[in-house]
Amino acid sequence: MESSNNAFSQNNQAKDLSSAMRYIAEPYRIRVIEPIGQTTRSQREEALAKVGFNPFLLHSKDVFIDLLTDSGTGAVTQSMQAAMLMGDEAYSGSRSYFGLKEAVEDIFGYQTTIPTHQGRGAEQLYVPSLIKKREREKGLSRDKMTVISNFFFDTTQGHSQWHGCKIVNVPVPAAFDTKVKADFKGNFDLDLLEKTIEDIGPKHIPYIVSTITCNSAGGQPVSVTNLKEVYRIAKQYDIPVVMDCARFAENAYFVKQREPGFSHMSIEEITHLSFQYADVLAMSAKKDAMVPIGGLLAFKDDSLDDVYQECRTLCVLLEGFPTYGGLEGGAMERLAVGLYEAMREEWLESRIGQIQYLVDGLEAIGVQCQQAGGHAVFIDAGAILPHIPKDQFPGHVLACELYRVAGIRSAEIGSLLIGRDPSSGVQLPAPAELLRLAIPRATYTQAHLDYVIAAFQLVMNGCQNLKGLTFTYEPPVLRHFNAQFVEVA
Ligand SMILES: *Cc1c(COP(=O)(O)O)cnc(C)c1O
């Protein structure tokens, strides 16, 4: 453990006390209250049937603890709220835009910035622009066009497929094995990355996406060494790298904890270093940057200036003028502050501590989980419901049951989410059937987490009687958002 030279450190005193407890006392006070309502089991059964067994479609008033996502659902800080008032709402050239651009340059070292309304707003700009560049310069063939990631987030996959790309994920083999514990289960399998590039031919690969943390593998971090190697390989084949970085601060926190040679560095230093190993930054700011709405697209230098210009043009069409990109001035001010506050180490420690607490509590009652990562607990639904076939969505069945039992909303990460190959219509193989309990930032307390554990005990008691689900409506892309189901007889 590191020792502090500072004889009087408030921080360490609090830590000494905390380490005697099972749990880190929240390093903040909660001063705004949002009421949430309890429902009865029969009300919940009715609500769930009404939305075709898709908790995504529930009204939030019918949800007691909402663990659907940590995206835009967390607490904001008083500094972020205060910053909102400073918004410059000029249509173009807003002071708030230049403040945000400066923050991006300072934190990540990226020169040019386009704000977007959220992460997918950035995706709808860079995806077609990078494809066009490849076509123009290398003669990429549309039918071979493929993009590669450690694991694509669902909207990143969706945008890539929408523009005609095949997607290939090259995670390390242990990524989805919930029995294996490893420091960086979000890493790329570097040999497989290189082999995939060789097999497809680099000119048909418009971009590689480094996703930090790797959401789909359970919020698992990627090491700086791995990011560096990915970048080296990509440069060797002249393929641009996009850092899909919604959880950049959580990733840096894990690097500090786990990667040899980084424990002495600050979260800020690790963040800055990590972003050297990409060309483009695409961020959903609704995660680590804590804003209810917002995103970023940024470019490290002028080597992709043509892509940047193309993105600015598309931005006018799709998001808004490039100095606001779908955000009001106040929201850009709030985001600039959120980017910095995301990197407060004691908050990251508390947050990751909550995830660990929930994993420990669930494992103690026999629920098999992916090792604790950032932002969410991932439960091995396939192991809990072995009698339900993958194409009847064990993770989604478990999500429905958790809602019925306790009013807790969660999300499937498995066959339902990964969907079908758009060209053949064949179900893509999901690496695991998981249920995700995402934890909004600084929103729920330890008592809420204990309630979740108690609810799971009830779910486990009756799980052998649960039935699979089949579609009554299946949307063509991102089907998990709007699909409807019936129970298989
Ligand atoms: C959330 C997320 C996105 C999409 O962002 P939205 O803000 O939801 O549009 C993209 N990539 C990753 C890794 C994400 O976590």
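Higher on the page you've got the structure.
If you're wondering where the values come from, they're calculated on a predicted model, not measured in any experiment.

Student: Explain the site of the ligand to me, please; I cannot follow it from the model alone.
Tutor: Lining the immediate surroundings of the ligand are 15 residues, of which Gln-118, Arg-120, Asp-244, Ser-284 and Lys-287 lie closest. Between Gly-119 and the ligand, the recorded distance is 2.9 Å, taken from a backbone N or O atom to an oxygen atom. For the ligand, the protein covers 98% of the area, taking 380 Å² as the surface of the free molecule. When residues of the shell around the ligand are traced back to their parent elements, those giving at least two are α5 (119-138) and α6 (154-162). Of the residues contributing to the shell around the ligand, the split by class is two nonpolar, seven polar and six charged.

Student: Where do I start with helix α13 (residues 345-364) in this structure?
Tutor: In an α-helix, one turn spans 3.6 residues; hence positions three or four apart end up facing the same way. End to end, α13 covers 28 Å across 20 residues, agreeing with the expected 28 Å (1.5 Å per residue, within 8%). Within the span of α13, buried status applies to Trp-347, Leu-348, Ser-350, Arg-351, Ile-352, Gln-354, Ile-355, Tyr-357, Leu-358, Val-359, Gly-361 and Leu-362. Looking at the packing, one finds that the buried side of α13 touches α9 (248-258), α10 (267-274), α12 (329-341), β9 (376-380), β12 (434-438) and α17 (446-462). Positive phi appears at Gly-366, one or two residues downstream of α13, with a value of about 85°.

Student: What exactly am I supposed to notice about the environment of Glu-349 here?
Tutor: Of note, Glu-349 is situated in helix α13. Classification of Glu-349 as partly exposed rests on a relative accessible area of 22%.

Student: Help me understand the sheet that holds strand β5 (residues 208-211), please; the structure alone is not making it clear to me.
Tutor: Backbone-to-backbone hydrogen bonds pair the strands of a sheet. The strands run either parallel or antiparallel. The sheet built from seven strands is open, its strands ordered β2-β8-β7-β6-β5-β3-β4 with mixed pairing. Each edge of the open sheet is held by one strand with a lone partner, namely β2 (112-116) and β4 (166-169). Within this sheet the neighbouring strands show an average axis-to-axis angle of 20°, counted without direction. Strand direction decides the pairing type here: strand β3 (residues 146-149) and β4, joined by four bridges, are parallel.

Student: Explain the pairing of β2 here, please?
Tutor: When a strand is regular, its side chains alternate between the sheet's two faces. Of all five residues in β2, five are buried, a share of seventy percent or more. Here β2 shows no split at all, with Thr-112, Ile-114 and Thr-116 on one side and Thr-113 and Pro-115 on the other all buried. Relative to strand β8 (residues 295-299), β2 runs antiparallel, the two sharing five bridges. Note on β8: the bridge partner recorded for Pro-115 is Leu-296.

Student: Explain empty space enclosed by the protein here, please?
Tutor: A water-sized probe, rolled over the atoms, reveals where empty space remains. Taken as a whole, this structure holds three cavities of 30 Å³ or more when the rule is applied. Empty space within the largest cavity amounts to approximately 110 Å³. Those elements giving two or more residues to the lining of the largest cavity turn out to be α6 and α16 (415-418). Looking at the lining of the largest cavity residue by residue, the class counts come to nine nonpolar, three polar and one charged. Three or more residues apiece are contributed to the lining of the largest cavity by two domains, here domain 1 (41-70 + 345-487) and domain 2 (78-342). In this model, the second largest cavity occupies a volume close to 80 Å³. In terms of lining, the second largest cavity is formed by Asn-54, Pro-55, Phe-56, Leu-68, His-396, Ala-399, Ser-410, Ala-411, Glu-412, Leu-416 and His-480. Elements with a contribution of two residues or more to the lining of the second largest cavity: α15 (394-406) and β11 (411-413). In terms of residue class, the lining of the second largest cavity is built from six nonpolar, four polar and one charged.

Conventions we followed
Residues numbered from 1 in each chain as written. Predicted model: local features only at pLDDT ≥ 70, side-chain atom pairs only at ≥ 80, totals over all residues. Heavy atoms only, no water. Near = heavy atom within 4 Å. Polar contact = N/O pair within 3.5 Å; in protein donor to acceptor, adjacent residues only side chain to side chain. Areas by Shrake-Rupley, 256 points an atom, 1.4 Å probe, with all protein chains shown as cover. Helix = DSSP H or I, 4+ residues; strand = E, 2+ residues; numbered from the N terminus. Nonpolar A, V, L, I, M, F, W, Y, C, P; charged D, E, K, R; others polar. Expected span 1.5 Å × (residues − 1). Buried < 20%, exposed > 50% of the residue type's maximum accessible area, 1.4 Å probe, protein only. Contact = heavy atoms within 4.5 Å. Pairing = 2+ DSSP bridges. Axes fitted to C-alpha atoms, helices over the stretch in contact; angles between N-to-C directions. 1 Å grid on protein atoms, 1.4 Å probe; cavity = no way out; pocket = protein on both sides within 12 Å on 5 of 7 lines; lining within 4 Å. Points joined across faces, edges and corners; volume = space filled by probe spheres on them. Domains from an automatic or database assignment.

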